[in-house]
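Working through the structure, step by step
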Amino acid sequence: MKPIWKSLSFRIGLLVQLLVAIFFISMILSSKAAAKQSDIECLTEAIYFEARGEPFLGQLAVANVVMERVRDSRFPPTVCEVVHSGRYWEGNPIRNRCAFSYWCDGKPEIMKDKQALKTATEVSKMAIDGVLYEEVQGATFYHASYVSPYWIEKLEFITRIGKHLFYFYSGD
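Cut-off values and rules
- Residues numbered from 1 in each chain as written.
- Predicted model: local features only at pLDDT ≥ 70, side-chain atom pairs only at ≥ 80, totals over all residues.
- Heavy atoms only, no water.
- Helix = DSSP H or I, 4+ residues; strand = E, 2+ residues; numbered from the N terminus.
- Buried < 20%, exposed > 50% of the residue type's maximum accessible area, 1.4 Å probe, protein only.
- Contact = heavy atoms within 4.5 Å.
- Pairing = 2+ DSSP bridges.
- Axes fitted to C-alpha atoms, helices over the stretch in contact; angles between N-to-C directions.

With respect to the overall build of the protein
Counting its regular elements, the protein contains 4 helices and 5 strands. Seen in sequence order, the protein has helices and strands lined up from the N terminus as α-α-α-β-β-α-β-β-β. Scored against the burial criterion, the 172 residues of the protein give a buried share of 34%. Restricting to contacts in the protein with at least 6 residues of sequence separation, those with at least 24 account for 57%.

What follows is the structure in structure tokens.
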């Protein structure tokens, strides 16, 4: 009697299992690639509209805030959910009730400045790949220096970069 691994039915079964495993691995990898692409697009959008006039490090700092929120259980778990978070009514963001002001300012999100879009895309890829501007490590909030939001009273100031002030929540 020959060993089981030499039988045709065993080899066919093994081949089927291998093909199923390859199929599922490719599905997982393609869904991660698709998720990463949507993350890049959403983060690029946020950088472009929130910080395109800032220096490179200022744009990276804004991107780092988004990525820090993704890692923080108090915020949504994906880049797109973070940058599009806010209050909605009938599926639409309520004006001035969003985490990122560009998302609910009533203006269409059209990125016309090609160089700014290219820079924002490069910054978003770097941030998603884990590049961190250490000066804003841990920051989960920021705002433009020319506004004074009510929520800063509960936060600890970290630093100013360009026209943005960065904060973290101390938990008190």
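With respect to the sheet that holds strand 4 (residues 155-161)
In space, the 3 strands of this open sheet follow the order 3-5-4, with antiparallel pairing throughout. The open sheet terminates on both sides in strands that have one partner only, identified here as strand 3 (141-144) and strand 4. Within the sheet, the average angular offset between the axes of one strand and its neighbour, ignoring direction, is 25°. Sheet analysis places strand 4 next to strand 5 (residues 164-169), joined by 6 bridges and oriented antiparallel. Paired with Phe157 across the strands is Tyr167, a residue of strand 5.

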